[in-house]
Amino acid sequence: MAEVLVYVDHAGGVVRKPTLELLTLARRIGEPVAVALGAGGADTAATLAEHGAVRVLTHDAAEYADYLVVPKVDALQAAYEAVSPAAVLVPSSAEGKEIAARLALRIGSGVITDAIDVEASEEGPVATQSVFAASFTTTSRVIKGTPVITVKPNSAAVEAAPAAGAVEALNVSFSQKATGTKVTSRTPRESTGRPELTEAAIVVSGGRGVNGAENFAIIEALADSLGAAVGASRAAVDAGWYPHTNQVGQTGKSVSPQLYIASGISGAIQHRAGMQTSKTIVAINKDAEAPIFDLVDYGVVGDLFDVVPQLTEEINTRKG
Amino acid sequence: MSLRIVVTVKYVPDATGDRHFADDLTVDRDDVDGLLSELDEYAVEQALQIAEDADDAEVTVLTVGPEDAKDALRKALSMGADKAIHVEDEDLHGTDVIGTSLVLAKAIEKAGYDLVISGMASTDGTAGVVPALLAERLGVPQVTLLSEVSVEDGIVSGRRDGDAASEQLEASLPAVVSVTDQSGEARYPSFKGIMAAKKKPVQAWDLSDLDIDAGEVGLEGSCTKVDAVAARPARTAGTIVKDEGEGGKQLAEFLASQKFI
Ligand SMILES: Cc1cc2nc3c(=O)[nH]c(=O)nc-3n(C[C@H](O)[C@H](O)[C@H](O)COP(=O)(O)OP(=O)(O)OC[C@H]3O[C@@H](n4cnc5c(N)ncnc54)[C@H](O)[C@@H]3O)c2cc1C
Ligand SMILES: Nc1ncnc2c1ncn2[C@@H]1O[C@H](COP(=O)(O)O)[C@@H](O)[C@H]1O
């Protein structure tokens, strides 16, 4: 059976959920062979094996942390040459897309970014994408070379599918260009203890209507009552009320949770671009004409300062 | 020696308009109002600031696109860019990111450059990969997705705010940079700028000027193929209630009925 390369996104050996989703998709096309680079790469093997990786290729070098993107492209290319896979799947992070595109160019292939589904077909993998702020769905294929496809978080279920997951050392020699862009310092993000925005099952977002950084506490309280991640509109981020890393929309994160709750957000096209594919959408807005209400499964026309705390209290009461 | 900055700008259909596909499943660029991609305005802005700080610099804006893409160039020129290059050719219709990066890279090489500045993503394709592809093709460092950028003594440095960490990056020129919408508001063209732009040179190149075969680009040269396009079904109208004092409780009831609580 053909093998499929899966690029592993991990933090010091802890595999991020989107990679496990990629393994589910990879198994539709062939046998997943994972590539885990950097410190802790080998520690990913047990989790990857549990989810279907037949092999886990690892390589660690200082270059992965000290230089931007290119060392990882070199390594993925080495894996590609060693495996001759039927397809290469990469998580659709900003970095993942850059790695995927450069690999595709090097190996003479096409690249498809931000797929929300991947299916096998007689003519190779078929990728589904959601375009124009999620107002259209397209299906496409790579028709030259080996398909390289990046896949968004929450595009498939994580499934247990035990496989060997044998760890093998990958042979990598870095290209001359690998050290072109130096990372001179790195400040890790502080964890909020809340779920990762793009991976969360529930996202609770606030917009301009929240009217102040201090008021975001009521959005956070609602999020915590549901075990949700916190999002923000660009208006709230630009006002300095919430960090840009939490921005939902075209130039922020694109989320596709089971439940999205928007408070004090009008629903501009650029915001919709990042949340329109959520399964259930709920909005609280005092303007009955706000475009966000065109998307909702349930909407409350009202003041968020009344509705949100009451909702939070009711949830906490029900949970006992 | 003068610092030669090339800014890649894309002409895109207006996101607030009715964006759709043409019969051949390419993005319809004829029937929809277009404009300079808002995200590329940030690239123009940073180019102008870097040029202002340099002793001697020249900002060239470059687009690959149909006839109307001149509007995007005109806007960038009225913001303050010095000159423009428009690559236009019938055979470019339907080019994918790999092909677009080929055309841009050839044009950048022909124009001559020390620094390329791109937007973080086009607002229509939203791939966000062209800058990385340009770096790969040109064989120069990629310093991408910067929310802060500066150039000094032949070194470009900047901050990349990623998901897991915020990184400080550095590379020697020549290099390819892309900037995010966090890099600083783009200026509005002044009246004077708009008038001056009318006199600035716009060079037109086609594929033969760049020694590119028609077969390498366009729908024919594309490495990807769109098989089908479907409008997303409209969401079924939801329940909307007016808060009369119990709105939060009613919403909790809905969430419970959907098993979220
Ligand atoms: C290139 C580009 C990229 C962009 N990218 C993004 C992006 O990634 N994400 C994004 O979000 N936006 C993005 N935008 C901006 C977008 O166009 C909107 O400006 C933005 O989404 C508006 O945020 P908002 O809904 O919070 O604010 P507004 O549109 O001002 O809406 C605020 C809403 O709050 C309601 N409200 C006020 N007070 C209350 C109250 N007490 N109770 C209840 N409701 C109340 C109001 O009725 C109103 O509907 C982008 C724009 C451009 C041009
Ligand atoms: N046709 C084009 N002409 C000029 N620049 C482009 C074109 N396509 C993409 N770019 C540049 O590449 C960036 C990223 O585009 P993309 O990878 O398509 O999302 C844009 O912000 C532009 O700076």
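Chain B carries the name Electron transfer flavoprotein subunit beta in an unreviewed UniProt entry, which gives Streptomyces brasiliensis as its organism. Listed under Function (unreviewed entry) in UniProt, the entry text for chain B is "The electron transfer flavoprotein serves as a specific electron acceptor for other dehydrogenases. It transfers the electrons to the main respiratory chain via ETF-ubiquinone oxidoreductase (ETF dehydrogenase)." Comment text from UniProt for chain B, heading Sequence similarities (unreviewed entry), reads "Belongs to the ETF beta-subunit/FixA family."

In the nomenclature of an unreviewed UniProt entry, chain A corresponds to Electron transfer flavoprotein subunit alpha from the organism Streptomyces brasiliensis. Quoted verbatim from the Subunit (unreviewed entry) field of the UniProt record, the comment on chain A reads "Heterodimer of an alpha and a beta subunit."

Q: Looking at this model, I keep getting lost on the packing of helix α9 (residues 304-319) of chain A against helix α7 (residues 247-257) of chain B. Mind explaining?
A: Geometrically, a packed helix pair is captured by the angle between its two axes and the distance between the axes. Between α9 of chain A and α7 of chain B, whose axes approach to 7 Å, the crossing angle comes to 45°. What the angle tells us is that α9 of chain A and α7 of chain B run oblique. Viewed along their axes, α9 of chain A and α7 of chain B form a crossing whose handedness is right-handed. Here Val307, Gln310, Leu311, Glu314, Ile315 and Arg318 of chain A of α9 of chain A come into contact with α7 of chain B, specifically with Gly247, Gly248, Lys249, Leu251, Ala252, Glu253, Leu255 and Ala256 of chain B. For the contact of α9 of chain A with α7 of chain B, the per-class residue count stands at seven nonpolar, three polar and four charged.

Q: Honestly, helix α1 (residues 38-53) of chain B in this entry has me stumped. Any pointers?
A: Given 3.6 residues per helical turn, the α-helix brings residues three or four places apart onto the same face. Residues and elements named next belong to chain B. If you check α1, its first and last C-alpha atoms are 24 Å apart, about what 16 residues at 1.5 Å a residue would give, namely 22 Å. In terms of burial, α1 is a largely internal element, twelve of the 16 residues being buried. All of the buried residues along α1 are Leu39, Asp40, Glu41, Tyr42, Ala43, Val44, Glu45, Gln46, Ala47, Leu48, Ile50 and Ala51.

Q: I keep staring at the pattern of salt bridges and nothing clicks. Help me out?
A: When charged atoms on two side chains of opposite charge get close, those side chains can pair. What the rule picks out here adds up to 33 salt bridges over all chains. For glutamate 95 of chain A, the salt bridge goes to lysine 72 of chain A, with nearest N and O atoms at 3.0 Å. Here lysine 72 of chain A lies in helix α4 (residues 70-83) and glutamate 95 of chain A lies in helix α5 (residues 94-106), a separation of 23 residues in the sequence. On the basis of relative accessible area, lysine 72 of chain A is assigned to the buried category, the value being 14%. What emerges from the salt-bridge pattern is a single network uniting Asp74, Arg102 and Arg106 of chain A together with Glu136 of chain B.

Q: Teacher, can you tell me more about the side chain of arginine 160 of chain B here?
A: Looking at the element boundaries, arginine 160 of chain B is found in strand β8 (residues 155-161). One polar contact links arginine 160 of chain B to glutamate 98 of chain A, side chain to side chain, over a distance of 3.1 Å. Setting aside its immediate chain neighbours within four residues, arginine 160 of chain B contacts Leu68, Val69, Glu95 and Glu98 of chain A together with Thr144, Leu145, Leu146, Ala165, Ser166, Glu167 and Leu169 of chain B.

Q: Can you help me understand the nonpolar core in this one?
A: One recurring pattern in soluble globular proteins is that nonpolar side chains are buried together. Counting 77 residues, the largest nonpolar core has Leu5 and Leu76 of chain A together with Ile5, Val7, Val61, Ile117 and Val177 of chain B as its most contacted members. A per-element tally of this core places α1 of chain B first, with eight residues. With near-sequence residues (within four places) excluded, leucine 5 of chain A lies in contact with Val33, Val35, Leu76, Ala79, Tyr80, Val83, Pro85, Ala87, Val88 and Leu89 of chain A. Core analysis: the next-biggest nonpolar cluster, separate from the first, contains 32 residues, Leu222, Val237 and Leu304 of chain A together with Phe254 of chain B among them.

Q: Looking at this structure, I do not really get the environment of proline 18 of chain A. What am I missing?
A: When you line up the elements, proline 18 of chain A lands in helix α1 (residues 17-29). Residues proline 18 of chain A and valine 237 of chain A lie 219 residues apart in sequence; the distance between their C-alpha atoms is 26 Å.

Q: I would appreciate a short explanation of the sheet that holds strand β7 (residues 111-119) of chain A in the present structure.
A: Whether parallel or antiparallel, the strands of a sheet pair through hydrogen bonds between backbone atoms. Taken together, ten strands build an open sheet; the order of strands is β11(A)-β5(A)-β4(A)-β1(A)-β6(A)-β10(A)-β7(A)-β8(A)-β9(A)-β12(B) and the sheet is mixed. Looking at strand neighbours, the two that pair on one side only are β11 (166-169) of chain A together with β12 (224-231) of chain B, the edges of this open sheet. Ignoring which end each strand starts from, the neighbouring axes of this sheet average 35° apart. Pairing of strand β6 (residues 87-91) of chain A with strand β10 (residues 148-151) of chain A, which is carried by four bridges, proceeds in the parallel orientation.

Q: Explanation requested: the site of ligand 2 in the structure shown.
A: Residue and element names in this part refer to chain B. Around ligand 2, a shell composed of 19 residues is seen, among which Thr8, Asp40, Val64, Ser122 and Gly128 lie nearest. A distance of 2.8 Å is found between an oxygen atom of ligand 2 and a backbone nitrogen or oxygen belonging to serine 122. Alanine 127 is positioned such that a nitrogen or oxygen atom in its backbone is 3.2 Å from an oxygen atom of ligand 2. In the complex, 97% of the free accessible area of ligand 2, which totals 480 Å², lies under the protein chains. Among the secondary structure elements, those contributing two or more residues to the shell around ligand 2 are β4 (57-64), α3 (97-111), β6 (115-119) and α4 (130-138). For the shell around ligand 2, the element with the highest residue contribution is β4, accounting for three residues.

Q: Hey, could you run me through the UniProt feature "domain: Electron transfer flavoprotein alpha/beta-subunit N-terminal" (unreviewed entry) in chain B in this one?
A: Here, UniProt's "domain: Electron transfer flavoprotein alpha/beta-subunit N-terminal" (unreviewed entry) annotation points to residues 24-214 of chain B. Helix makes up 30% of residues 24-214 of chain B and strand makes up 29%, while its end C-alpha atoms are separated by 18 Å.

Q: Teacher, can you tell me more about the sheet that holds strand β16 (residues 280-285) of chain A here?
A: The parallel open sheet is built from six strands, whose spatial order is β14(A)-β13(A)-β15(A)-β16(A)-β17(A)-β13(B). Each edge of the open sheet is held by one strand with a lone partner, namely β14 (229-232) of chain A together with β13 (239-242) of chain B. Neighbouring strand axes in the sheet, compared pairwise and without regard to direction, differ in orientation by 15° on average. Pairing geometry for strand β15 (residues 259-263) of chain A and β16 of chain A, over five bridges, is parallel. For serine 263 of chain A, the partnering residue across the bridge sits in β16 of chain A and is isoleucine 284 of chain A. Contacts from α9 of chain A reach β15, β16 and β17 (298-301) of chain A, with the element oriented near 135° to β16 of chain A.

Q: Please explain the interface of chain A and chain B as it appears in this structure.
A: Accessible area lost on assembly of the parts is the figure often given for the size of an interface. Taken together, the contact pairs 83 residues of chain A with 79 residues of chain B. Taken over both partners, the interface formed by chain A and chain B buries close to 6,900 Å², and the fraction arising from carbon and sulfur atoms is 57%. Ranking the residues of chain A by area buried against chain B places Leu105, Phe132 and Tyr298 of chain A at the top, with a combined share of 11%. Where chain A touches chain B, the interface holds nine salt bridges. Across the pair lysine 253 of chain A and aspartate 163 of chain B runs a salt bridge, and its minimum N-O distance is 3.4 Å.

Q: How should the packing of aromatic side chains be read in this particular structure?
A: To describe a pair of aromatic rings, one takes the distance between the centres and the angle between the planes. This model, assessed by the stated rule, comprises six aromatic pairs over all chains. Aromatic side chains phenylalanine 136 of chain A and phenylalanine 21 of chain B sit 5.3 Å apart centroid to centroid with 80° between the ring planes, which places their arrangement in the edge-to-face category. One end of the pair, phenylalanine 136 of chain A, is in strand β9 (residues 136-142); the other, phenylalanine 21 of chain B, is in the loop between β2 (11-13) and β3 (34-36), on a second chain. Here the two residues phenylalanine 136 of chain A and phenylalanine 21 of chain B agree in accessibility, since each one is buried. Aromatic ring contacts, followed pair by pair, group Phe132 and Phe136 of chain A together with Phe21 of chain B into a single cluster. Between the NZ or CZ atom of lysine 110 of chain B and the centre of the ring of tryptophan 205 of chain B, over which it lies, the distance is 5.1 Å.

Definitions and limits used
Residues numbered from 1 in each chain as written. Chains lettered and ligands numbered in written order. Predicted model: local features only at pLDDT ≥ 70, side-chain atom pairs only at ≥ 80, totals over all residues. Heavy atoms only, no water. UniProt positions renumbered as here; feature names shortened; annotations may be inferred. Axes fitted to C-alpha atoms, helices over the stretch in contact; angles between N-to-C directions. Helix = DSSP H or I, 4+ residues; strand = E, 2+ residues; numbered from the N terminus. Parallel < 35°, antiparallel > 145°, perpendicular 65-115°, else oblique. Left-handed = near helix turned anticlockwise from the far one by under 90°. Contact = heavy atoms within 4.5 Å. Nonpolar A, V, L, I, M, F, W, Y, C, P; charged D, E, K, R; others polar. Expected span 1.5 Å × (residues − 1). Buried < 20%, exposed > 50% of the residue type's maximum accessible area, 1.4 Å probe, protein only. Salt bridge = Lys/Arg side-chain N within 4 Å of Asp/Glu carboxyl O. Polar contact = N/O pair within 3.5 Å; in protein donor to acceptor, adjacent residues only side chain to side chain. Core = buried A, V, L, I, M, F, W, Y, C linked by side-chain atoms within 4.5 Å. Pairing = 2+ DSSP bridges. Near = heavy atom within 4 Å. Areas by Shrake-Rupley, 256 points an atom, 1.4 Å probe, with all protein chains shown as cover. Buried area = accessible area lost by both parts, 1.4 Å probe. Phe/Tyr/Trp six-rings, centres within 6.5 Å; stacked < 30°, edge-to-face > 60°. Lys NZ or Arg CZ within 6 Å of the ring centre and 35° of its normal.

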